[in-house]
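Results of the structural survey
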Amino acid sequence: MATVDDVLNQVSDLLARLNHSEAKISPFGAFLKNPKVITFIGSIMVAIGSNWVTKQFQLRDKQSDAVAALESEIPRELAVTTHLAMVLSVLEEQKCDENPDKVLSHPFVLGLTGKSCKAAEAEYLKYFSMLLEKPPGSSLVKVRALFASPAVDDGAQKLGALVGVLSVTAKPACIIQVGRQSRAAYDELVDLAIKEIDGTKVGKTPDVFNLSGLINQCAEEDLCRAPGLPKDFSSKLKCS
């Protein structure tokens, strides 16, 4: 798109053409050669160009703020959600609801080794309250609203879906798979967003955002309950 300099050059070219001597000048041409008309047209073109440049700078500022929020919030959200899923896995695997005083031996969360099921439950409630205070995903909503690249939009949606799976699963294999993929997806999303801000062409959606492998490691029941899964994936599930 044209910058202010481009607009000024266009006005200069217009002046040069209008001032070029011609054998015959139409009434409209004569009208355009009027200095007042030339000044008026030039001011409009400059104003349009300046307004476009201003809006582009404002958009870039908002996009930069969105990426900063993404980098500030997503790592914490992934850490809290992953740990919450791991503690829930311990509670279910150790059948803590049946024996609250049971001492944990070789649990999925090493930090709970030697502690009781009551301690594990307290750990779960602690991290659950963190998510209640600040539910994950707000930074992803901002990214989807401000970036035009389909790959950025799709990446933000898929990362949100991965966080949604972590919020409902207690299966260790699923937690490991989704935890790794979500971190890789986060890194890729930040890179894609920065490319768009810099004006670099963003290509097709990277494979790291492909969710098809989840069905191999995660229980279908958990996937059916997970919030944010895109329709092209959820439609393949046999959810009751």
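Residues numbered from 1 in each chain as written. Predicted model: local features only at pLDDT ≥ 70, side-chain atom pairs only at ≥ 80, totals over all residues. Heavy atoms only, no water.

Scanning all chains against the criterion turns up three disulfides. Residue C224 pairs covalently with C239 via a disulfide, S to S 1.9 Å. In this structure the cystine formed by C224 and C239 twists about its S-S bond by roughly -90°; its chirality is therefore left-handed. Placement of C224 in helix 9 (residues 220–225) and of C239 in the segment after helix 10 (231–234) is noted, with a sequence separation of 15 residues between them. Of the residues examined, C224 reaches a relative accessible area of 31% and is grouped as partly exposed. (Disulfide = S-S within 2.5 Å. Helix = DSSP H or I, 4+ residues; strand = E, 2+ residues; numbered from the N terminus. Buried < 20%, exposed > 50% of the residue type's maximum accessible area, 1.4 Å probe, protein only.)

Let us now look at the nonpolar core. Judged by nonpolar contacts, the single largest core of 39 residues is most densely connected at V165, L214 and L229. For this core, the elements supplying multiple residues, two or more each, are helix 3 (35–93), helix 5 (138–146), helix 6 (150–166) and helix 7 (172–198). Tallying contributions element by element places helix 7 first for this core, with 10 residues. Not counting residues up to four positions away in its chain, the partners in contact with L229 are A161, V165, L211, L223, S234 and L237. If you look at the next biggest cluster of nonpolar residues, it comprises 16 residues, including L84, V109, Y127 and A170. (Core = buried A, V, L, I, M, F, W, Y, C linked by side-chain atoms within 4.5 Å. Contact = heavy atoms within 4.5 Å.)

Over its 27 residues, helix 7 runs 39 Å from end to end, which matches the ideal 39 Å to within 8%, given 1.5 Å per residue. At the exit of helix 7 stands G199, carrying a positive phi of roughly 90°. (Expected span 1.5 Å × (residues − 1).)

Turning our attention to the pattern of salt bridges. In total, this model carries five salt bridges according to the counting rule given. Across the salt bridge formed by D153 and R144, the nearest N and O atoms sit 2.8 Å from each other. Accessibility expressed as a relative area gives 37% for R144, which makes it partly exposed. Notably, a salt bridge pairs R225 with D222, separated by 3.0 Å at the nearest N-O pair. Taken together, the residues span about one helical turn, with R225 and D222 both in helix 9 at a distance of three residues. Classification of R225 by relative accessible area gives partly exposed; the value is 46%. Overall, D222 belongs to the buried group, its relative accessible area being 10%. (Salt bridge = Lys/Arg side-chain N within 4 Å of Asp/Glu carboxyl O.)

Moving on to the side chain of T82. Topologically, T82 is positioned in helix 3. What T82 contacts, discounting residues up to four positions off in sequence, is L166, I175 and R183.

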